[in-house]
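# Working through the structure, step by step
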Amino acid sequence: MKSYTLTHLKELESESIYVIREVAAQFENPVLLFSGGKDSIVCLHLARKAFYPAAIPFPIMHIDTGHNFPETIAFRDNLAKELDLNLIVKLVQDSINQGRVQEETGVNASRIKLQTTTLLDALEDLKFDCAIGGARRDEEKARAKERFFSHRDEFGQWEPKNQRPELWNIFNGKKNMGEHFRAFPISNWTEMDIWQYILHEKIEIPSLYFAHEREMVERNGVLLYNSDVLPNKPGETPKNMQVRFRTIGDITSTGAALSDADTLEKIIQEVAATRITERGGRADDKRSETSMEDRKKEGYF
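None of the values given here were measured: they were computed from a predicted structure.

## A few points about the overall build of the protein chain
Along the protein chain, the regular secondary structure elements total eight helices and 10 strands. Burial status across the protein chain gives 54% buried among its 301 residues. Excluding contacts between residues fewer than 6 apart, the proportion of contacts in the protein chain whose partners are at least 24 apart in sequence is 73%. If you sum the accessible surface of the protein chain, you get close to 14,700 Å²; carbon and sulfur atoms cover 49% of it.

The structure is reproduced here in C-alpha coordinates:
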(Lines give C-alpha, C1' and ligand atoms only; values in the text may rest on other atoms or scores of the structure.)
Protein backbone atom coordinates (compact mmCIF):
# COMPACT_ATOMS: atom_id res chain seq x y z
CA MET A 1 0.00 0.00 0.00
CA LYS A 2 1.35 3.44 -0.96
CA SER A 3 2.99 5.52 1.78
CA TYR A 4 0.64 8.51 1.38
CA THR A 5 -2.31 6.18 1.89
CA LEU A 6 -0.78 4.85 5.09
CA THR A 7 -0.22 8.42 6.31
CA HIS A 8 -3.85 9.25 5.60
CA LEU A 9 -5.06 6.16 7.44
CA LYS A 10 -2.79 6.91 10.41
CA GLU A 11 -4.28 10.41 10.66
CA LEU A 12 -7.82 8.99 10.61
CA GLU A 13 -6.85 6.34 13.15
CA SER A 14 -5.38 8.97 15.51
CA GLU A 15 -8.48 11.15 15.23
CA SER A 16 -10.79 8.22 15.97
CA ILE A 17 -8.74 7.04 18.95
CA TYR A 18 -8.82 10.60 20.31
CA VAL A 19 -12.63 10.63 20.07
CA ILE A 20 -12.94 7.23 21.77
CA ARG A 21 -10.66 8.35 24.61
CA GLU A 22 -12.70 11.55 24.98
CA VAL A 23 -15.82 9.42 25.38
CA ALA A 24 -14.15 7.38 28.12
CA ALA A 25 -12.98 10.57 29.83
CA GLN A 26 -16.24 12.57 29.67
CA PHE A 27 -18.91 9.93 30.26
CA GLU A 28 -19.54 7.68 33.24
CA ASN A 29 -21.13 4.70 31.50
CA PRO A 30 -20.53 4.48 27.73
CA VAL A 31 -21.24 1.50 25.48
CA LEU A 32 -20.01 0.53 22.01
CA LEU A 33 -22.81 -0.51 19.65
CA PHE A 34 -21.81 -3.52 17.57
CA SER A 35 -23.67 -4.91 14.58
CA GLY A 36 -21.07 -7.29 13.18
CA GLY A 37 -20.65 -5.02 10.15
CA LYS A 38 -17.31 -3.72 8.92
CA ASP A 39 -17.69 -0.24 10.44
CA SER A 40 -18.50 -1.50 13.94
CA ILE A 41 -15.66 -4.02 13.61
CA VAL A 42 -13.25 -1.17 12.79
CA CYS A 43 -14.62 0.83 15.75
CA LEU A 44 -13.99 -2.14 18.03
CA HIS A 45 -10.46 -2.51 16.65
CA LEU A 46 -9.82 1.21 17.29
CA ALA A 47 -11.19 0.93 20.83
CA ARG A 48 -8.81 -1.93 21.55
CA LYS A 49 -5.92 0.19 20.27
CA ALA A 50 -7.07 3.20 22.29
CA PHE A 51 -6.70 1.39 25.62
CA TYR A 52 -4.13 -1.34 24.90
CA PRO A 53 -2.70 -3.17 26.82
CA ALA A 54 -5.67 -2.63 29.15
CA ALA A 55 -9.08 -4.05 28.25
CA ILE A 56 -11.76 -1.91 26.63
CA PRO A 57 -13.33 -0.09 29.61
CA PHE A 58 -16.92 -0.36 28.43
CA PRO A 59 -19.26 -3.11 27.19
CA ILE A 60 -20.27 -3.96 23.62
CA MET A 61 -23.98 -4.08 22.76
CA HIS A 62 -25.81 -5.56 19.78
CA ILE A 63 -29.45 -4.73 19.03
CA ASP A 64 -30.50 -8.02 17.45
CA THR A 65 -33.55 -7.87 15.15
CA GLY A 66 -33.81 -11.65 15.05
CA HIS A 67 -33.58 -11.38 11.26
CA ASN A 68 -29.81 -11.14 11.02
CA PHE A 69 -27.67 -13.26 8.73
CA PRO A 70 -26.53 -16.43 10.56
CA GLU A 71 -22.95 -15.64 9.52
CA THR A 72 -23.15 -12.28 11.30
CA ILE A 73 -24.32 -13.80 14.59
CA ALA A 74 -21.67 -16.53 14.43
CA PHE A 75 -18.97 -13.94 13.73
CA ARG A 76 -20.20 -11.75 16.63
CA ASP A 77 -20.19 -14.61 19.13
CA ASN A 78 -16.80 -15.95 18.03
CA LEU A 79 -15.24 -12.48 18.24
CA ALA A 80 -16.70 -11.83 21.69
CA LYS A 81 -15.30 -15.14 22.92
CA GLU A 82 -11.90 -14.65 21.29
CA LEU A 83 -11.44 -11.11 22.67
CA ASP A 84 -13.19 -11.80 26.00
CA LEU A 85 -15.62 -8.93 25.39
CA ASN A 86 -18.42 -7.90 27.72
CA LEU A 87 -21.12 -8.48 25.09
CA ILE A 88 -24.73 -7.43 25.73
CA VAL A 89 -27.41 -8.61 23.29
CA LYS A 90 -30.83 -6.94 23.30
CA LEU A 91 -33.57 -8.57 21.22
CA VAL A 92 -36.23 -6.82 19.16
CA GLN A 93 -38.31 -9.96 19.71
CA ASP A 94 -38.42 -9.16 23.43
CA SER A 95 -39.80 -5.70 22.64
CA ILE A 96 -42.48 -7.34 20.49
CA ASN A 97 -43.34 -9.88 23.21
CA GLN A 98 -43.63 -7.12 25.82
CA GLY A 99 -45.99 -5.11 23.61
CA ARG A 100 -43.50 -2.25 23.34
CA VAL A 101 -43.67 -2.40 19.52
CA GLN A 102 -45.95 -3.99 16.96
CA GLU A 103 -44.42 -6.14 14.26
CA GLU A 104 -45.09 -5.17 10.66
CA THR A 105 -46.91 -7.66 8.45
CA GLY A 106 -46.90 -8.38 4.73
CA VAL A 107 -44.22 -9.13 2.17
CA ASN A 108 -42.42 -5.83 2.79
CA ALA A 109 -42.41 -6.15 6.60
CA SER A 110 -39.19 -5.14 8.34
CA ARG A 111 -37.93 -4.86 11.91
CA ILE A 112 -35.55 -1.98 11.14
CA LYS A 113 -37.77 0.72 12.65
CA LEU A 114 -38.53 -1.49 15.68
CA GLN A 115 -34.84 -1.44 16.65
CA THR A 116 -35.22 2.15 17.87
CA THR A 117 -37.45 1.20 20.79
CA THR A 118 -35.21 -1.73 21.76
CA LEU A 119 -32.14 0.53 21.64
CA LEU A 120 -33.69 3.38 23.65
CA ASP A 121 -35.06 0.94 26.25
CA ALA A 122 -31.63 -0.67 26.61
CA LEU A 123 -29.87 2.69 27.02
CA GLU A 124 -32.35 3.72 29.71
CA ASP A 125 -32.49 0.40 31.55
CA LEU A 126 -28.71 0.01 31.68
CA LYS A 127 -28.10 3.72 32.36
CA PHE A 128 -25.73 4.22 29.41
CA ASP A 129 -24.94 7.91 28.91
CA CYS A 130 -23.10 7.59 25.59
CA ALA A 131 -23.43 5.07 22.75
CA ILE A 132 -20.46 4.77 20.39
CA GLY A 133 -21.22 3.71 16.83
CA GLY A 134 -19.68 3.24 13.41
CA ALA A 135 -21.75 5.70 11.36
CA ARG A 136 -19.83 7.66 8.72
CA ARG A 137 -20.75 10.98 7.11
CA ASP A 138 -20.25 9.67 3.56
CA GLU A 139 -22.87 6.92 3.96
CA GLU A 140 -26.05 8.97 3.65
CA LYS A 141 -27.17 12.63 3.68
CA ALA A 142 -28.66 12.42 7.19
CA ARG A 143 -25.42 10.90 8.49
CA ALA A 144 -23.53 13.87 7.01
CA LYS A 145 -25.31 16.24 9.43
CA GLU A 146 -24.06 14.42 12.50
CA ARG A 147 -21.25 15.69 14.76
CA PHE A 148 -18.67 13.50 16.54
CA PHE A 149 -20.59 14.03 19.81
CA SER A 150 -24.31 13.99 18.98
CA HIS A 151 -26.69 15.07 21.73
CA ARG A 152 -29.97 13.22 22.36
CA ASP A 153 -32.76 14.62 24.53
CA GLU A 154 -34.51 12.77 27.38
CA PHE A 155 -36.69 10.99 24.81
CA GLY A 156 -33.65 9.83 22.82
CA GLN A 157 -34.46 12.18 19.96
CA TRP A 158 -32.03 14.12 17.75
CA GLU A 159 -32.47 17.67 16.50
CA PRO A 160 -30.13 18.24 13.52
CA LYS A 161 -30.67 22.03 13.53
CA ASN A 162 -29.58 22.38 17.14
CA GLN A 163 -26.13 20.81 17.32
CA ARG A 164 -23.15 22.01 19.29
CA PRO A 165 -20.05 23.43 17.54
CA GLU A 166 -16.90 21.31 17.59
CA LEU A 167 -14.13 23.83 17.03
CA TRP A 168 -10.57 22.48 17.14
CA ASN A 169 -11.91 19.06 18.15
CA ILE A 170 -13.20 20.34 21.47
CA PHE A 171 -16.17 18.12 22.34
CA ASN A 172 -18.93 19.17 24.72
CA GLY A 173 -20.45 16.19 26.51
CA LYS A 174 -22.49 18.20 29.01
CA LYS A 175 -26.00 16.86 29.43
CA ASN A 176 -29.01 17.03 31.72
CA MET A 177 -30.52 14.15 33.68
CA GLY A 178 -32.04 11.56 31.35
CA GLU A 179 -30.23 12.79 28.24
CA HIS A 180 -27.45 10.93 26.47
CA PHE A 181 -25.01 11.21 23.58
CA ARG A 182 -24.12 9.22 20.50
CA ALA A 183 -20.44 9.31 19.51
CA PHE A 184 -19.15 8.64 16.00
CA PRO A 185 -15.35 8.12 16.00
CA ILE A 186 -15.11 7.23 12.29
CA SER A 187 -17.29 10.09 11.00
CA ASN A 188 -14.57 11.35 8.65
CA TRP A 189 -13.75 7.96 7.15
CA THR A 190 -14.98 6.89 3.71
CA GLU A 191 -15.91 3.42 2.56
CA MET A 192 -12.57 3.23 0.77
CA ASP A 193 -10.72 4.23 3.96
CA ILE A 194 -12.47 1.44 5.85
CA TRP A 195 -11.46 -1.22 3.32
CA GLN A 196 -7.87 0.00 3.06
CA TYR A 197 -7.59 0.04 6.85
CA ILE A 198 -9.03 -3.48 7.14
CA LEU A 199 -6.45 -4.66 4.58
CA HIS A 200 -3.56 -2.85 6.27
CA GLU A 201 -4.48 -3.97 9.79
CA LYS A 202 -5.41 -7.52 8.70
CA ILE A 203 -8.79 -7.27 10.45
CA GLU A 204 -11.06 -10.29 10.21
CA ILE A 205 -14.53 -9.64 8.72
CA PRO A 206 -17.62 -11.80 8.04
CA SER A 207 -17.62 -13.91 4.89
CA LEU A 208 -20.72 -12.07 3.64
CA TYR A 209 -18.50 -9.23 2.44
CA PHE A 210 -16.75 -11.51 -0.05
CA ALA A 211 -18.26 -12.78 -3.31
CA HIS A 212 -20.11 -16.06 -2.90
CA GLU A 213 -23.08 -17.88 -4.42
CA ARG A 214 -26.44 -17.28 -2.73
CA GLU A 215 -30.12 -17.65 -3.60
CA MET A 216 -31.48 -14.14 -4.19
CA VAL A 217 -34.66 -12.39 -5.28
CA GLU A 218 -34.86 -9.01 -7.01
CA ARG A 219 -37.35 -6.59 -5.46
CA ASN A 220 -37.69 -2.96 -6.51
CA GLY A 221 -34.24 -3.05 -8.04
CA VAL A 222 -32.63 -4.51 -4.89
CA LEU A 223 -31.15 -8.02 -4.63
CA LEU A 224 -32.35 -9.57 -1.36
CA TYR A 225 -31.44 -12.90 0.19
CA ASN A 226 -34.23 -15.43 -0.23
CA SER A 227 -34.90 -16.54 3.34
CA ASP A 228 -37.71 -17.67 5.63
CA VAL A 229 -38.15 -14.10 6.96
CA LEU A 230 -38.57 -12.64 3.48
CA PRO A 231 -41.88 -13.84 1.99
CA ASN A 232 -41.85 -13.91 -1.81
CA LYS A 233 -44.18 -11.69 -3.76
CA PRO A 234 -46.24 -13.24 -6.58
CA GLY A 235 -44.02 -13.67 -9.61
CA GLU A 236 -40.74 -13.47 -7.69
CA THR A 237 -38.42 -16.29 -8.68
CA PRO A 238 -35.35 -16.92 -6.50
CA LYS A 239 -32.14 -17.40 -8.46
CA ASN A 240 -28.62 -18.43 -7.51
CA MET A 241 -26.29 -15.48 -8.02
CA GLN A 242 -22.66 -14.59 -7.35
CA VAL A 243 -22.99 -11.69 -4.91
CA ARG A 244 -21.41 -9.90 -1.99
CA PHE A 245 -22.80 -7.47 0.59
CA ARG A 246 -21.37 -3.94 0.96
CA THR A 247 -23.29 -3.40 4.20
CA ILE A 248 -24.64 -5.95 6.67
CA GLY A 249 -27.92 -5.51 8.49
CA ASP A 250 -31.37 -7.04 8.66
CA ILE A 251 -31.96 -9.73 6.01
CA THR A 252 -35.21 -8.07 4.89
CA SER A 253 -33.52 -4.80 3.94
CA THR A 254 -29.87 -5.52 3.13
CA GLY A 255 -29.29 -5.65 -0.59
CA ALA A 256 -26.40 -7.39 -2.31
CA ALA A 257 -24.37 -6.54 -5.39
CA LEU A 258 -23.36 -8.86 -8.21
CA SER A 259 -19.65 -9.35 -7.73
CA ASP A 260 -16.64 -11.62 -8.16
CA ALA A 261 -14.59 -9.77 -5.51
CA ASP A 262 -13.45 -12.59 -3.25
CA THR A 263 -10.40 -10.85 -1.74
CA LEU A 264 -9.84 -7.53 0.02
CA GLU A 265 -7.73 -6.31 -2.88
CA LYS A 266 -10.55 -7.01 -5.34
CA ILE A 267 -13.10 -5.34 -3.05
CA ILE A 268 -10.95 -2.18 -2.96
CA GLN A 269 -10.73 -2.18 -6.76
CA GLU A 270 -14.49 -2.67 -7.01
CA VAL A 271 -15.26 0.16 -4.56
CA ALA A 272 -12.92 2.47 -6.49
CA ALA A 273 -14.77 1.80 -9.74
CA THR A 274 -18.41 1.72 -8.60
CA ARG A 275 -20.83 4.61 -9.16
CA ILE A 276 -23.45 3.23 -6.75
CA THR A 277 -23.40 4.47 -3.17
CA GLU A 278 -22.73 2.05 -0.34
CA ARG A 279 -26.33 2.23 0.92
CA GLY A 280 -27.77 2.15 -2.58
CA GLY A 281 -28.80 -1.44 -1.95
CA ARG A 282 -30.53 -0.81 1.39
CA ALA A 283 -34.28 -1.36 0.98
CA ASP A 284 -35.02 0.47 4.26
CA ASP A 285 -33.55 3.70 2.86
CA LYS A 286 -35.94 3.54 -0.10
CA ARG A 287 -39.13 3.82 1.97
CA SER A 288 -39.08 7.62 1.69
CA GLU A 289 -36.76 10.48 0.72
CA THR A 290 -36.09 11.22 4.40
CA SER A 291 -36.38 7.73 5.88
CA MET A 292 -32.95 7.73 7.57
CA GLU A 293 -33.27 11.25 9.00
CA ASP A 294 -36.80 10.54 10.27
CA ARG A 295 -35.59 7.39 12.05
CA LYS A 296 -32.58 9.20 13.51
CA LYS A 297 -34.78 11.97 14.91
CA GLU A 298 -36.83 9.28 16.67
CA GLY A 299 -33.72 7.72 18.25
CA TYR A 300 -32.36 5.33 15.60
CA PHE A 301 -28.61 5.20 15.28
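## Concerning the side chain of serine 95
Its location among the elements puts serine 95 in helix α4 (residues 92-97). If sequence neighbours within four positions are ignored, serine 95 has contacts with Arg100, Val101 and Thr118.

## What to know about the sheet that holds strand β2 (residues 60-64)
Strand order in the open sheet made by the six strands is β3-β2-β1-β4-β6-β5, with mixed pairing throughout. In this open sheet, the two strands that pair with only one neighbour each are β3 (87-91) and β5 (149-152). For this sheet, the mean angle separating the axes of adjacent strands, direction not counted, is 30°. The strands touched by helix α5 (residues 115-125) are β1 (30-33), β2, β3, β4 (130-132) and β6 (180-183); relative to β2, the strand with the most contacts, the crossing angle is about 150°.

## So, unusual backbone geometry
Glycine aside, the phi torsion of most residues is negative, and most peptide linkages are trans. Here the residue pair tyrosine 52 and proline 53 is connected by a cis peptide bond, since its omega of 10° sits within 30 degrees of zero. The backbone of aspartate 84 shows a phi angle near 55°, a positive value even though the residue is not glycine. Tracing the chain through its elements places aspartate 84 in the loop between α3 (70-83) and β3. Under the relative-accessibility criterion, aspartate 84 is labelled exposed at 69%. A positive phi angle, near 55°, is found at asparagine 220, a position not held by glycine. Checked against the element boundaries, asparagine 220 lands in the loop between β7 (212-219) and β8 (222-225). Note on asparagine 220: relative accessible area 65%, which makes it exposed.

## Looking at the packing of helix α6 (residues 191-201) against helix α7 (residues 264-273)
At a closest axis distance of 10 Å, the pairing of α6 and α7 adopts a crossing angle of 165°. For the element pair α6 / α7, the angle class is roughly antiparallel. For the crossing formed where α6 meets α7, the hand is left-handed. Across the interface between the two elements, Glu191, Met192, Trp195, Gln196, Ile198 and Leu199 of α6 pack against Leu264, Glu265, Ile267, Ile268, Val271 and Ala272 of α7. Tallied by class, residues from the contact of α6 with α7 come to nine nonpolar, one polar and two charged.

Calculation rules
Residues numbered from 1 in each chain as written. Predicted model: local features only at pLDDT ≥ 70, side-chain atom pairs only at ≥ 80, totals over all residues. Heavy atoms only, no water. Helix = DSSP H or I, 4+ residues; strand = E, 2+ residues; numbered from the N terminus. Buried < 20%, exposed > 50% of the residue type's maximum accessible area, 1.4 Å probe, protein only. Contact = heavy atoms within 4.5 Å. Areas by Shrake-Rupley, 256 points an atom, 1.4 Å probe, with all protein chains shown as cover. Pairing = 2+ DSSP bridges. Axes fitted to C-alpha atoms, helices over the stretch in contact; angles between N-to-C directions. Parallel < 35°, antiparallel > 145°, perpendicular 65-115°, else oblique. Left-handed = near helix turned anticlockwise from the far one by under 90°. Nonpolar A, V, L, I, M, F, W, Y, C, P; charged D, E, K, R; others polar.

Honestly, it's all geometry; don't read function into it.
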